[in-house]
Amino acid sequence: MISVVVPCYNEEDVLHQLYMRLSKVCQTLNDSYEVILVDDGSRDNTWNIICDINSRDSHWKALRFARNFGHQTAVSAGMYFANGDCVIIIDADLQDPPEELYRFIDKWKEGYEVVYGIRTKRKENLVKRICYKLFYRILRRFADIDIPYDSGDFCLMDRKVVNILNSMPEHNRFVRGLRAWAGFRQIGLEYERKARAAGEPKYTFTKLLKLAFDGILSFSKLPLRFSIYLGLTILIIATFFMVFVIFQNIFEDWFSKMGLKSIPYAIIIIIASFLSGIQLIFLGIFGEYLGRIYDEVRNRPIWTIQDMIGFEQKSSKI
Ligand code: UDP
Ligand code: MG
């Protein structure tokens, strides 16, 4: 059995197209399948359309979050409720073509536990493309594990990997990182990322920034170590300065003959505010790690579910 998980947030414009294209692919895959739509607290007509789809086709099931929890949480919840021998994650907006699933399944049958899509071309604006490129390069430099370039959440995971991800209690989830962390045989397949079929992107700038922070902070302690390196460098430079100033005071005459004047106040103020800026940045970085520890310690549920349709055992996992 194959499970397909689709996170949906205000996706009323694309759901019908998604249903047509994804159903066609799933039916020809020649296996039993389920499609789990996760309504991430949509405020438009998404849930009504989902109910309509479920009443027409029982392969299509759905969860409805009690509010918007974000894409990564929606994906995680879908994986948790999926029953398939493999789980496929795909966006609702048809940017990831459902027809690629044929290749994914072939690789899975060859024995790969994880098959993920690598985005070759992006039909998105230049700024977004540059930010993505930059982010994946920084992430790869920083992360303790090998997170492939330009790999999104569009992927297929074997049940073994899904079980591992489901057992991870993390609250700020970066699914593509957790997937890489799990290990097993993984392969990336290149595909062209299309433009959105309809509607506006649902990832706001703040949501993308949070995703970027989650990615780097969940898989690297390097930002913490940076403060040590930077602190040491500044300390060495300051020591040279100190020696310079001491000598200047002792050999005042010689220094003035050489034309070297004392440091103006303006420069001192600039250096002091520059350093306090750096300190505040690192305080913020520590705060980010601390906040994440706080999230884990409070251990609140990762999502809350308002409604489920199409599932047999409903209440046990809510
Ligand atoms: N999405 C979600 N919750 C959110 C934001 C987005 O479930 O808070 C879903 C959205 O419905 C879509 C997928 O995540 O299926 C990717 O979102 P989007 O297309 O806006 O992101 P982009 O493709 O621009 O990265
Ligand atoms: Mg999209």
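Residues numbered from 1 in each chain as written. Chains lettered and ligands numbered in written order. Predicted model: local features only at pLDDT ≥ 70, side-chain atom pairs only at ≥ 80, totals over all residues. Heavy atoms only, no water.

Trainee: Mind laying out the nonpolar core, listing which residues take part and the relevant values?
Mentor: By size, the foremost hydrophobic cluster in this structure holds 44 residues, and its most contacted members are L63, F65, M79, I89, M157, L165 and W303. Non-local contacts of L165, meaning those with residues more than four positions away in its chain, are made with M79, M157, R173, V175, L178, R179 and A182. V6, C26, Y33 and I90 belong to the second-largest nonpolar core, a separate cluster that totals 36 residues. (Core = buried A, V, L, I, M, F, W, Y, C linked by side-chain atoms within 4.5 Å. Buried < 20%, exposed > 50% of the residue type's maximum accessible area, 1.4 Å probe, protein only. Contact = heavy atoms within 4.5 Å.)

Trainee: How would you explain the coordination of the magnesium ion (ligand 2) if you had to name every residue and give the values?
Mentor: Protein ligation of the magnesium ion (ligand 2) involves D93 (OD) and Q95 (OE1), the donor distances falling in the range 1.8 to 2.0 Å. There is no split in this pair, since D93 and Q95 are both buried. (Donors = N, O, S within 2.8 Å, 3.2 Å for Na, K, Ca; no water.)

Trainee: Please set out the sheet that holds strand β7 (residues 186-193) residue by residue, giving values where relevant.
Mentor: Taken in spatial order, the eight strands make up an open sheet running β7-β5-β6-β4-β1-β2-β3-β8, and their pairing is mixed. The open sheet has two edge strands, β7 and β8 (305-309), and neither has a second partner. This sheet shows a mean twist of 20 degrees between the axes of neighbouring strands, independent of strand direction. Of the strand pairs in this sheet, strand β3 (residues 60-65) and β8 are connected by four bridges, and their pairing is antiparallel. Counted as the bridge partner of A62 is I309 from β8. Contacts from helix α2 (residues 46-56) reach β1 (2-8), β2 (33-39), β3 and β8 within the one sheet, and its direction differs from that of β3 by about 155 degrees. (Pairing = 2+ DSSP bridges. Helix = DSSP H or I, 4+ residues; strand = E, 2+ residues; numbered from the N terminus. Axes fitted to C-alpha atoms, helices over the stretch in contact; angles between N-to-C directions.)

Trainee: Tell me about the packing of aromatic side chains, residues and numbers included.
Mentor: In this structure the tally under the stated criterion is twelve aromatic pairs. Seen from their ring centres, F142 and F226 are 5.8 Å apart, and the 75 degrees between their planes marks the pair as edge-to-face. Taken together, the positions of F142 in helix α5 (residues 126-142) and F226 in helix α9 (residues 222-250) put the pair 84 residues apart, joining distant regions of the chain. When its relative accessible area of 38% is taken as the criterion, F226 is described as partly exposed. (Phe/Tyr/Trp six-rings, centres within 6.5 Å; stacked < 30°, edge-to-face > 60°.)

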